[in-house]
Amino acid sequence: EPEVTQTPSHQVTQMGQEVILRCVPISNHLYFYWYRQILGQKVEFLVSFYNNEISEKSEIFDDQFSVERPDGSNFTLKIRSTKLEDSAMYFCASLSYEQYFGPGTRLTVT
Amino acid sequence: KNQVEQSPQSLIILEGKNCTLQCNYTVSPFSNLRWYKQDTGRGPVSLTIMTFSENTKSNGRYTATLDADTKQSSLHITASQLSDSASYICVVITSNSGYALNFGKGTSLLVTP
């Protein structure tokens, strides 16, 4: 069974610090996504990535956020200067026909 | 505005009973509709994918229906098990520019012994 992996599983950081969340999508997939889910709320779309560039992004995905696929396997989400309200579960997903979600990284900003 | 509304917000049923979860959407243009199961603290897992032309699709004890005319979908769970306790999320995909996913807030299902 193919799976998307994410590291770390839990990240605690201080407000204003930079964090990088890492994802390894399924190897033959072409579309990659980041979502976040604030505790008790619905999953929110952040950004989609195809052919080494952002194809779509939501209003949440402002200049504080960036994504990269640095080496053809990893897919990263960087938050430059974290805010308290960035605390959430961050899910990576990859897609061919079926979309597979990773297990998530719980980000806690203190 | 693309919206996906789910009901009920939460549901408690006895083990072995059936239940039906509802999803109404105003997403356009429609590409397909998916139901996901999300266990607490985990990523969503796909249960079914339905395209415009499909009315019913089953996956084990899960049966999804789609009425593209009324823009409604349902997920029926048969003979519920304790492990069915989770959040069930309806996701409607548009095919406007790119491939955008519109998430409902989910129905939280608790199956009790």
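This report concerns the structure included in the present document. (Residues numbered from 1 in each chain as written. Chains lettered and ligands numbered in written order. Predicted model: local features only at pLDDT ≥ 70, side-chain atom pairs only at ≥ 80, totals over all residues. Heavy atoms only, no water.)

**With respect to the nonpolar core**
Among the nonpolar cores identified, the biggest contains 24 residues, and Tyr25(B), Leu33(B), Trp35(B), Leu75(B), Tyr88(B) and Val92(B) are the most heavily contacted of them. Leaving out residues up to four positions away in the same chain, Val92(B) has contacts with Val4(B), Tyr25(B), Val27(B), Phe30(B), Asn32(B), Leu33(B), Ala100(B), Leu101(B) and Asn102(B). Grouped together as the second largest cluster of nonpolar side chains are 21 residues, Leu46(A), Leu77(A), Cys92(A) and Val109(A) included. (Core = buried A, V, L, I, M, F, W, Y, C linked by side-chain atoms within 4.5 Å. Buried < 20%, exposed > 50% of the residue type's maximum accessible area, 1.4 Å probe, protein only. Contact = heavy atoms within 4.5 Å.)

**Some points on the state of the cysteines**
Tallied over the full model, the rule gives two disulfides over all chains. Between Cys23(A) and Cys92(A) runs a disulfide, and the two sulfur atoms are separated by 1.9 Å. As the torsion about the S-S bond is roughly -60°, the Cys23(A)-Cys92(A) disulfide counts as left-handed. In this pair, Cys23(A) sits in strand E3 (residues 19-24) while Cys92(A) sits in strand E9 (residues 88-95), placing the two residues 69 residues apart along the sequence. Accessibility classification places Cys23(A) together with Cys92(A) in one group, the buried group. Paired by a disulfide, Cys23(B) and Cys90(B) hold their sulfur atoms 2.0 Å apart. (Disulfide = S-S within 2.5 Å. Helix = DSSP H or I, 4+ residues; strand = E, 2+ residues; numbered from the N terminus.)

**Re the packing of aromatic side chains**
Aromatic ring pairs: the centre-centre distance and the angle between the two ring planes describe each pair. Scanning all chains against the criterion turns up 14 aromatic pairs over all chains. Relative to Phe75(A), the ring of Phe32(A) lies with its centre 5.5 Å away and its plane at 40°, an arrangement referred to as tilted. In this pair, Phe32(A) is assigned in strand E4 (residues 31-37) and Phe75(A) in strand E8 (residues 75-79), connecting sequence segments 43 residues apart. Considered together, Phe32(A) and Phe75(A) belong to a single accessibility category, that of buried residues. Put simply, the rings of Tyr33(A), Tyr35(A), Phe45(A), Phe101(A), Tyr36(B) and Phe103(B) touch in pairs and so form one group of aromatic residues. When the ring centre of Tyr62(B) is taken as origin, the NZ or CZ atom of Arg61(B), which lies over that ring, is 5.8 Å away. (Phe/Tyr/Trp six-rings, centres within 6.5 Å; stacked < 30°, edge-to-face > 60°. Lys NZ or Arg CZ within 6 Å of the ring centre and 35° of its normal.)

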